[in-house]
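Reading the structure
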Amino acid sequence: MEHPTVHVCEDCRNAIVNDDYTGLDYYHDREEADERERQIRAGLKRLGWMTPTDNTIEFSLNQCECCKIDGDGKRYEMVLFRMELSSALA
Ligand SMILES: [Zn+2]
């Protein structure tokens with residue numbers, strides 16, 4: 001069975017791979033960091049369990065498919081493992 005993939009930003013990758021949100025404090029103030037964490041957690045909940053592949057995009061202008069943040073930067077490919085994707089990706 002083919003699993004679909006999404007591309008996520010570095011903040012989401014750290015949350016997915018390391019369950020780490022501390023990096024958010026590095027470049028946001030407290031309030032922004034909390035808001036970012038909410039966005040990321042909402043994305044993780046929507047997409048379900050996923051795991052990284054070896055593929056990264058060094059520079060992308062596309063929205064992160066997890067937290068939906070706009071802006072350029074690195075993107076990491078993740079494989080999704082859930083069935084009802086039509087609702088997850090809507
Ligand atoms: Zn993200």
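Above: the structure in question.
Below or above, wherever it landed, is the structure these notes cover. (Residues numbered from 1 in each chain as written. Predicted model: local features only at pLDDT ≥ 70, side-chain atom pairs only at ≥ 80, totals over all residues.)

**Some thoughts on unusual backbone geometry**
The phi dihedral of Asp19 is positive, around 50 degrees, even though this residue is not glycine. Of note in this structure, Lys68 is not a glycine but carries a positive phi near 70 degrees. When the 14 C-beta atoms within 10 Å are taken as the criterion, Lys68 is described as partly exposed. (Buried ≥ 20, exposed ≤ 12 C-beta atoms within 10 Å, placed from the backbone.)

**Considering the sheet that holds strand β3 (residues 73–80)**
Spatially, three strands are ordered β1-β3-β2 in an open sheet, and the strand pairing comes out antiparallel. The sheet is open, and its two borders are formed by β1 (5–8) and β2 (50–60), each paired with just one other strand. Each strand of the sheet is rotated relative to its neighbour by a mean of 25 degrees, with strand direction disregarded. In this structure, β1 lies alongside β3, joined through four bridges in antiparallel fashion. Pairing of His7 across the sheet is with Glu77, part of β3. (Pairing = 2+ DSSP bridges. Helix = DSSP H or I, 4+ residues; strand = E, 2+ residues; numbered from the N terminus. Axes fitted to C-alpha atoms, helices over the stretch in contact; angles between N-to-C directions.)

**Notes on helix α3 (residues 30–47)**
Over its 18 residues, α3 extends 26 Å from the first C-alpha to the last, a length consistent with the 26 Å expected when each residue adds 1.5 Å. Within the sequence span of α3, burial applies to Arg36, Ile40, Gly43 and Leu47. Seen along its axis, α3 keeps its buried residues to an arc of 60 degrees; they face one direction. Exposed residues pointing more than 90 degrees away from the buried face of α3 are listed as Arg30, Glu31, Glu35, Arg38 and Lys45. (Expected span 1.5 Å × (residues − 1). Arc of directions from axis to C-beta.)

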